[in-house]
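These are the residues of each chain, in order.
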Amino acid sequence: MTHEAPRHPLPPFTAETAREKVRLAEDGWNSRDPAKVALAYTPDSLWRNRAEFPRGRQEIADFLTRKWDKELDYRLIKELWAFSGNRIAVRYAYEYHDDSGNWFRAYGNENWEFDANGFMAHRHASINEKPIREDERKFRWPLGRRPDDHPGLSEFGF
C-alpha cells in the first residue's frame, strides 16, 4: 500500500477519464524526464517493453534514461484504444533520431493496469519501428508537450 496522494484520474475509468489518463501519460513521456515519468508507476510496477522487463520505479527510470540517451528529439503521440474498469489499452507512435542523424518512427500498443490510487501497476508494450527520412517526419512540434491543435494518430492515418 502506498502513502502517496492518489494520481487522478482514478479507476474505474470512463471514456473521458481514460482519454485524460492517456494524455497525461503522453505528456509525461514527452517531458523525457525519467524520474518524473517513473512516479506514475507503482513502486513495484511490472513492465514488458520489447525484450526488457523493468520492475519497479528505479529500473523504469534507468530504462527510460537509456532510452532517451539513444532516442534523440523524441516526440510521442498516444491514443486511447479501449478501456474497462482499471485497464486501458492505447496505440501510439513516436519519432526520434539516433546519434548519426538517422530518423525512425516506432508504432506500438500498450496494455495498462492501474491500482486503486491511479498508479500504473502493469505495462505491456509491443513495438515495431522503421527508418524514415527526415522529410517524412510528422511530429514537428517543439520538444515537450504536444500542442492541443497538433494532429493525432487517427488524423495521420497511423
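Notes on the structure follow.

**Topic: the nonpolar core**
Among the nonpolar cores identified, the biggest contains 29 residues, and Trp29, Leu64, Ile88, Tyr94 and Trp112 are the most heavily contacted of them. Of all the secondary-structure elements, those providing two or more residues to this core are α1 (15–31), α2 (34–38), β1 (41–49), α3 (56–70), β2 (72–84), β3 (87–97), β4 (103–114) and β5 (120–132). Residues in contact with Ile88, not counting those within four places in the same chain, are Phe13, Ala18, Lys21, Val22, Leu80, Ala82, Phe83, Glu110, Asn111, Trp112 and Phe114. Ranked by size, the runner-up nonpolar core spans five residues in total, among them Ile77, Phe139, Trp141 and Leu153.

**A few points about the packing of aromatic side chains**
Overall, the coordinates contain 16 aromatic pairs when judged by the stated rule. Taking 5.6 Å as the distance between ring centres and 65° as the angle between the ring planes, the aromatic pair formed by Trp68 and Tyr74 counts as edge-to-face. Classification of Tyr74 as buried rests on a relative accessible area of 1%. An angle of 10° between the planes, with centres 6.3 Å apart, marks the rings of Tyr92 and Tyr94 as stacked. On the basis of relative accessible area, Tyr92 is assigned to the buried category, the value being 4%.

**Some points on the sheet that holds β1**
Backbone-to-backbone hydrogen bonds pair the strands of a sheet. The strands run either parallel or antiparallel. Across the sheet, which stays open at both edges, the five strands sit in the order β1-β5-β4-β3-β2 with mixed pairing between neighbours. If you trace the sheet from one side to the other, it starts and ends with β1 and β2, each paired once. Direction aside, neighbouring strands of the sheet carry axes that sit 20° apart on average. The pairing of β1 with β5 spans five bridges and is classified as parallel. Within β5, the residue paired with Asn49 across the bridge is Ala125. In the packing of α1 onto the sheet, contacts are made with β1, β2, β3, β4 and β5, and the angle to β2 comes to roughly 165°. Across the sheet, α3 is in contact with β1, β2 and β3; its angle to β1 comes to roughly 50°.

Procedures and definitions
- Residues numbered from 1 in each chain as written.
- Predicted model: local features only at pLDDT ≥ 70, side-chain atom pairs only at ≥ 80, totals over all residues.
- Heavy atoms only, no water.
- Core = buried A, V, L, I, M, F, W, Y, C linked by side-chain atoms within 4.5 Å.
- Buried < 20%, exposed > 50% of the residue type's maximum accessible area, 1.4 Å probe, protein only.
- Helix = DSSP H or I, 4+ residues; strand = E, 2+ residues; numbered from the N terminus.
- Contact = heavy atoms within 4.5 Å.
- Phe/Tyr/Trp six-rings, centres within 6.5 Å; stacked < 30°, edge-to-face > 60°.
- Pairing = 2+ DSSP bridges.
- Axes fitted to C-alpha atoms, helices over the stretch in contact; angles between N-to-C directions.

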